[in-house]
Amino acid sequence: MPPATPADDSAHAPYAHLRQPGRDPLRMLETARAQWHRQAGAQADLWVFGYASLIWRPDFDHAGRHAARVRGWHRALAMWSRVNRGTPEQPGLVFALLPGGSCQGVAYRVPRRDAEAVLQTLWAREMPSGVYDARWLPCATPHGPVPALAFTLSRRSPAFTGELTPEQYRHIFRHARGRYGSTLDYARQTHASLREQGIDDRRLGRILAHADDPAVPILPA
C-alpha cells in the first residue's frame, strides 16, 4: 500500500487558538488512521457513521449509504461550536455522540481508493480545532459489522455544554451563527433529515420547540 498523503495543515491552522493542549488535529488523524488499519485492514473500505449534518450534507463521494445504528452512544445537541455554528463571542451548538444509549443514523461506504482523500476532507470539516474524539464504532450494515468512523465527545471536554436552560436555548437559537450558518437552521435541518429517515428524535423536537414556544419543557437526556 502506498504511504498516506501528508495532511494539509492549512485547514486547521486558523483554529489553533481554539485547541485544547495536546489536541493536534493532524496527530489525531494519524492515530485514527492507524486504528482503522489495525481493526479493518490496510486494504479495507472506509465506513463513516453520520448522525447529524453528515446525513444531509456529507460533502464526500461514497459507494453506498445504509440505515445504521451504533450502541453505547447517543446523539445530543450538547457541544459548543465556536467555528461552524457560532463564534468565540457567541458560541452556538452542534451535535456530538455522547456515551450511553444508542443512536440511529446512516453508514457510508467509501472505496479504499478514495478513503485517504475522504479522511482528510472530513478532518478539515469536523476537526479544525481537534475538539471531537474520533472513534471506530461497531456498526451493523448489509455488508456485516464494520468499524465506522464517528465523532464523539467526552463529558469531561470543555466543549460539552452540560444541561442548558430553555432561556439558553432560545438565546442561542436567536443569535448563534458561524461559518456554516446558524445553530437553529442546523438543528432544524438535522431534525427534518432524521424524520425523512424514519428516525424520531423526540428530545431534539422538544428542544427545537423553544425556538417558537417558550412554554414547552425540555425532556431530560
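The present account deals with the structure reproduced in this document.

Thresholds, definitions, all that
Residues numbered from 1 in each chain as written. Predicted model: local features only at pLDDT ≥ 70, side-chain atom pairs only at ≥ 80, totals over all residues. Heavy atoms only, no water. Helix = DSSP H or I, 4+ residues; strand = E, 2+ residues; numbered from the N terminus. Buried < 20%, exposed > 50% of the residue type's maximum accessible area, 1.4 Å probe, protein only. Contact = heavy atoms within 4.5 Å. Areas by Shrake-Rupley, 256 points an atom, 1.4 Å probe, with all protein chains shown as cover. Core = buried A, V, L, I, M, F, W, Y, C linked by side-chain atoms within 4.5 Å. Phe/Tyr/Trp six-rings, centres within 6.5 Å; stacked < 30°, edge-to-face > 60°. Lys NZ or Arg CZ within 6 Å of the ring centre and 35° of its normal. Disulfide = S-S within 2.5 Å. Polar contact = N/O pair within 3.5 Å; in protein donor to acceptor, adjacent residues only side chain to side chain.

### Some remarks on the overall build of the protein chain
(1) Moving on: Regarding its fold elements, the protein chain presents 6 helices and 7 strands.
(2) Moving on: Of the regular secondary structure in the protein chain, the N- to C-terminal order runs α-β-α-β-β-α-β-β-α-β-β-α-α.
(3) Moving on: Taken over 221 residues, the protein chain has a buried fraction of 49%.
(4) Moving on: Within the protein chain, contacts between residues separated by at least 24 positions form 73% of all contacts whose residues are at least 6 apart in sequence.
(5) Moving on: When the accessible area of the protein chain is evaluated, it comes to approximately 10,600 Å², of which 50% is carbon and sulfur surface.

### Details of the nonpolar core
(1) Moving on: Core analysis: the biggest nonpolar cluster contains 61 residues, and Leu-46, Phe-49, Tyr-51 and Leu-77 have the highest contact counts within it.
(2) Moving on: Those residues in contact with Leu-77 that sit more than four places away from it in its chain are Leu-93, Val-94, Phe-95, Tyr-169, Phe-173, Tyr-186, Ala-187, Leu-204 and Ile-207.

### So, the packing of aromatic side chains
(1) Moving on: Taken as a whole and assessed by the stated rule, the structure comprises 7 aromatic pairs.
(2) Moving on: Feature note: the residues Trp-123, Tyr-132 and Phe-151 constitute an aromatic cluster, connected by ring pairs.
(3) Moving on: The side chain of Arg-57 reaches across the aromatic face of Tyr-180, ending 4.5 Å from its centre.

### Here we look at the state of the cysteines
(1) Moving on: Counted by the stated rule, this structure contains 0 disulfides.
(2) Moving on: Left without a disulfide partner, Cys-103 is nearest to the cysteine sulfur of Cys-139, which lies 9.8 Å away.
(3) Moving on: Residue Cys-103 is classed as buried on the basis of its relative accessible area, which comes to 1%.
(4) Moving on: Overall, Cys-139 belongs to the buried group, its relative accessible area being 1%.

### Considering the side chain of Ser-154
(1) Moving on: Looking at the element boundaries, Ser-154 is found in the loop between strand E5 (144-152) and helix H4 (166-175).
(2) Moving on: By relative accessible area, which is 17% here, Ser-154 ends up buried.
(3) Moving on: From its side chain, Ser-154 meets the backbone nitrogen of Arg-156 in a polar contact 3.0 Å long.
(4) Moving on: Residue contacts for Ser-154: discarding those within four places in its chain leaves Asp-133 and Phe-160.

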